[in-house]
Structures are given as structure tokens and as C-alpha cells.
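# Results of the structural survey
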Amino acid sequence: MRPALPALTVLALGAAVVAALTWPLPLHLGAWHLQDAFSASHAWVADHVFQATFGDRPLDPTAAAGYPVQRHGPFIGLAPILASWALRPVAGPLAAFQVIHLASLPLSALALWPLLRRWTDADRWTCAAACLTFGLCPYLLSTLSIGETPKLQAWLLPLFLWATARWLDGEARGAAWLVALTLVTGFTSPYYGLALPLVIVAHCGLVGAARWRAGWPQRLRAAGGVALVAAALLPVYLYLSGPPRPVEEGLMRPAAAGQVGMALPLPHPVATPRDLLLGNALPARSPYEIVHMAYLGLPLLLGVVALLALRRGGRGLGPGIALLLGGVLLAMGPNLALGEQFTAAPLPATVLGWIGYPFLRGGMWFRLVVLASLGLSVLLAVAASRLPRGAWIAWALALVHVGDAVRATGPWPKPSRAVPGLRALAEMRTSMNPMDGAVLHLPLQEGPGWAESQKMLLAAVVHGRYTTGLTRDVQTPEAQAMRRWVAEAVDAPDPAAALRARGFRYVVLQPMPPLPIRISRETLTEKLGEPAGGPGLWRWDLGPATLAPLDTLPGATP
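Treat the numbers as computed from the prediction; the structure is a model and nothing was measured.

What counts and how
- Residues numbered from 1 in each chain as written.
- Predicted model: local features only at pLDDT ≥ 70, side-chain atom pairs only at ≥ 80, totals over all residues.
- Heavy atoms only, no water.
- Helix = DSSP H or I, 4+ residues; strand = E, 2+ residues; numbered from the N terminus.
- Polar contact = N/O pair within 3.5 Å; in protein donor to acceptor, adjacent residues only side chain to side chain.
- Pairing = 2+ DSSP bridges.
- Axes fitted to C-alpha atoms, helices over the stretch in contact; angles between N-to-C directions.
- Contact = heavy atoms within 4.5 Å.
- Buried < 20%, exposed > 50% of the residue type's maximum accessible area, 1.4 Å probe, protein only.
- Left-handed = near helix turned anticlockwise from the far one by under 90°.
- Nonpolar A, V, L, I, M, F, W, Y, C, P; charged D, E, K, R; others polar.

## Details of the environment of D60
Among the secondary structure elements, D60 is positioned in the loop between helix 2 (39–54) and helix 3 (78–119). At 3.4 Å, the side chain of D60 forms a polar contact with the side chain of H72.

Shown next as C-alpha cells:
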């Protein structure tokens, strides 16, 4: 038990911090939800993929979110999706995914353990401190705050490096680990997956330089590792290179497309020097706002630099520096951004643009700061391992770093609340075969918006049916056409029959300020009868209906 105590301490402290930052959600799993920009939609994706795998839903294109319009959307988040499926029988789809969401950061911290034990000479307690600085770094805490569950799976990165080390050391199972982790990483978070070839090339280069005298067998093994990773990423690339989104999202425009002097989009798609050293200038204005955090943690950075100046060298120093510097340079994108503007100064990532590397399509370069945070944690273990009472120093720095990360990514705890109309929504869930009828969720969304779509998709996780909960790529003409389409059915002589003919089994009314309620509860009660549920969410059962998805809504052309 005692040798495992440091690793268990990492897990326990990580879980305690996450629970405190999301309190009281851990007491109400499945009945409450976090108010953020993405977690409800990721939970919905897990349920949708489950029903497509084991039921009769089409995976893609699908009208499940945004009924009746069929949409293309390649789904990511494989690791948390599969993990949540294992918990579904005992926890239900929402609670199961919430458990995985909350456990991701403690697991990311623990996953660094085997890599540090292999790369460095640090003792167990020093490794534990370094693990904590990675799992609770500012980037990952801000990712927890906005609810991006796939990006929380940072545990895949140190495990990939650990598998690479096993492969280069000639261990028989290294190849299997490399391929499996590459596939899972690519289908979980494409940004992390695309970083793997760069990481293994740099790793193999460092090892090759150190073992140059080993000759061609070692060089061929290094080249073989790169080839294995590239081959494993091919199915990921083919899957994500499918039909394009119907609407180009301004938020995702490539940073490389910015002209000199052009203002940076908000939130920043690239890391500026200020972002890296001081964090974001402005906190989130609402729980649903997206804030990108590329902050490294200045106290930890200065502390590690000071420790390395005291005792130079140490096993693991080269890989740690490569991760730190490489992650910083990649996070800054192809061109240096200062203040709120792009400059003409090129950065090393420009080379990736020349070869057409897919990072250029997404443009969210700041995400690669996770590699720099990983390198900083490795360097903490390296530096502290060469000092008297190094474990005490490492823990002091780790605790300061976690406190600084919580400060920089606040306000905490993250707001949470009860799921409106939970019982009324749960009663709508039926077997996957057949899936009879969709849900008309009122008020209809006006246009792109995180808060409204998250609330609608949260309801869809509970009821499990096709829903009008529009995704945030909806165009204004489409939203207007949807209102007309629904109003025609509600104003028909027999509204219930008209809505059933369009594929709706249920009508749900959930007030969501500031969305205007164009059809009141009194009007719906007059036309459809008395509802179930209560204040916050009312439900009308129209009777069995047959889904009738459409490629486009009549009159939705801009």
C-alpha cells in the first residue's frame, strides 16, 4: 500500500479539487447539470452514438439534434463516450457522462506517473507533485470550466509518450500501445491526435541523437514508430474529412488567415505572450461564455527555471524542454500575435502551413499549450529530483501552481442547477427500436447561441428522442423558416394531428430568457390539452408519430 500512496494521493487530491470547483454537482449526478458551453452537447453525443451503435438511429447525417433538418457532423470524444457507456446501466446516460467528465482531470494527473518514473530519476512523492501540476494546470481547468470533455482527456498524451519510450526501447508491446493510443486520441480530440506525429518525431529525434552510435537498427525503429502513428491516424483523417459543415463558424477561422494588423478574434485562437505568461485579461461574463486559456502558470514557470539554474542536467531534461518550447511555439500559431493584433513575424508553425497540415483548417492553435504544460511538469520532476528535500520543494510549487490556476480560471465553483422538468423528460424516454416521434422544444432558438442549444440538448440527453434543439450552426433564415413551419401546424384545425404528421410526438415548453415565448402555455393548453410537468418545463403528449426528417426546411434559403 505504501508504494502506491503517492499515486493515490494524486488521484484523491485531483478528485477533491474538481469536486470543490463543481460543487454541489457531485451530490446530484444525473439530476443537476453544469451551466457551460459544451458539456450537455458532449453528453448528448455519447447518447446519440450509443443509440446509433445499438439501436436504429443513423449516425450521420442525422436529424436527431435540430429535427426535422438532417445535418452532417463527425462526432469526436471516443474515450469519454466508451467509458460512459460502461456506467449507463447503473447511472443512466447523463450521470454516466458526468462521472467521466469530472474524473478526467484526476486521471490526466495520474497518467503522467508512469512517464515520469520512466523518464526521470524523481522519487515517488516528487512525481506525485509533478503529476498534480499537469492534471490541474490552467489550460485543463479552463477546459473543465467550458465543458469540453474531449479536450479534458489529456491523459492520452503522457501515455502516448510512455508507449513511444517502450517502442524505442524495443519492448514487444510498444507497437500495440502506440497504435491503440493514436487511434483513441485521434477520435477523442483531433487536435491532440494531430499533435502526436509531431511529438513522436521530436521524441525519436532526441532519442536518436542520444543513441546515434546504436546504428541503423535504432534509426529504423524510430522511423517505424513514426510510420505506425501516421498509419493509425489515417482513418481519423478520412473520417473527419467528410462533408463540410453547412455553415462556416467565424470562431473557427484559421489564425493563419489573419492579415498583418488584423484584430485577433475573441476568444483568441492563438496564444499571445501575454496569454502564456499572465493569463486572460478578461474573465468570462456568463457561465456559457467560451474563454480560451493558454496560461502556463507564472509561479511554476519561474520556480522551475530557478531550480534548473541551481542544479543543471538530469535525466528527462531534454524531453521536458522540447515539450515546453515546442508546445509554446505551436500554441502561438504561424504568425506572432501581440496585444490584440497579428504581426508579420513568422513562427515555426508556418512550416506546417506550407505542407498543408490539418491544424491550419481548425486554427485553434492555443490548444497545443497542453504540451507545454506537460513539459513544465516533467521539468519540475527533473529539477526537484536533484535537490535535497526536492519532494518538499516540488509539493510547495505544486500547491502554489494549483492555487494560481484556480485563481486564473475562475470564478469558481462553476454554476450548476437542477435539470428542469427531470421527471417529465424521463417519462418520454422509450426503447431505441422503434424511436417514435420527435420533440418540439419551445421556444424555438432564434439563431446561434450556446446557452439555448445546451439547455435543449440537455433535455434531449434525458428524453433520448429526436429534438428541435438546434445546434449552434443554425442560420437565421433557417430559424425563421422553422418558426413558420411550426406555426402553420399549431394554427391548423387539429394542431395535435398536424404536429404528428410532421413527426412530433411531444411538445415541451421551457422558458429560457431572453428567448421570446411566441406561443404561450395558455395557448398550447387550449390547443393541445392540459400538460404534464410544472413551472420551468411543461410537456404535452400528442400520441405516436412517425419521424419525417427533411434535407432543408421550406423557405430556409438565405
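What follows picks up the thread again.
## A few points about the sheet that holds strand 5 (residues 438–442)
Across the sheet, which stays open at both edges, the four strands sit in the order 5-6-8-7 with mixed pairing between neighbours. Every other strand in the sheet has two partners, leaving strand 5 and strand 7 (532–534) as the edge strands with one partner each. Pairwise comparison of adjacent strand axes, ignoring direction, gives a mean angle of 15° for this sheet. Packed onto the sheet, helix 21 (residues 521–528) meets strand 5, strand 6 (504–509) and strand 8 (537–541) and runs at close to 15° relative to strand 8.

## Thoughts on the side chain of T182
Structurally, T182 can be placed in helix 7 (residues 174–188). Accessibility expressed as a relative area gives 0% for T182, which makes it buried. Leaving out residues up to four positions away in the same chain, T182 has contacts with F160, L196, V229, A232 and L233.

## Focus on the packing of helix 3 against helix 6 (residues 156–168)
The description of two packed helices rests on the angle between their axes and on the distance between the axes. It is at 8 Å that the axes of helix 3 and helix 6 come closest, and there the two elements cross at 35°. In the crossing of helix 3 with helix 6, the sense of the turn from one axis to the other is left-handed. Touching A111, L112, P114, L115, R118 and W119 of helix 3 are P158, L159, L161, W162, A165 and R166, all from helix 6. Residues that form the contact of helix 3 with helix 6 fall into these classes: 10 nonpolar, no polar and two charged.

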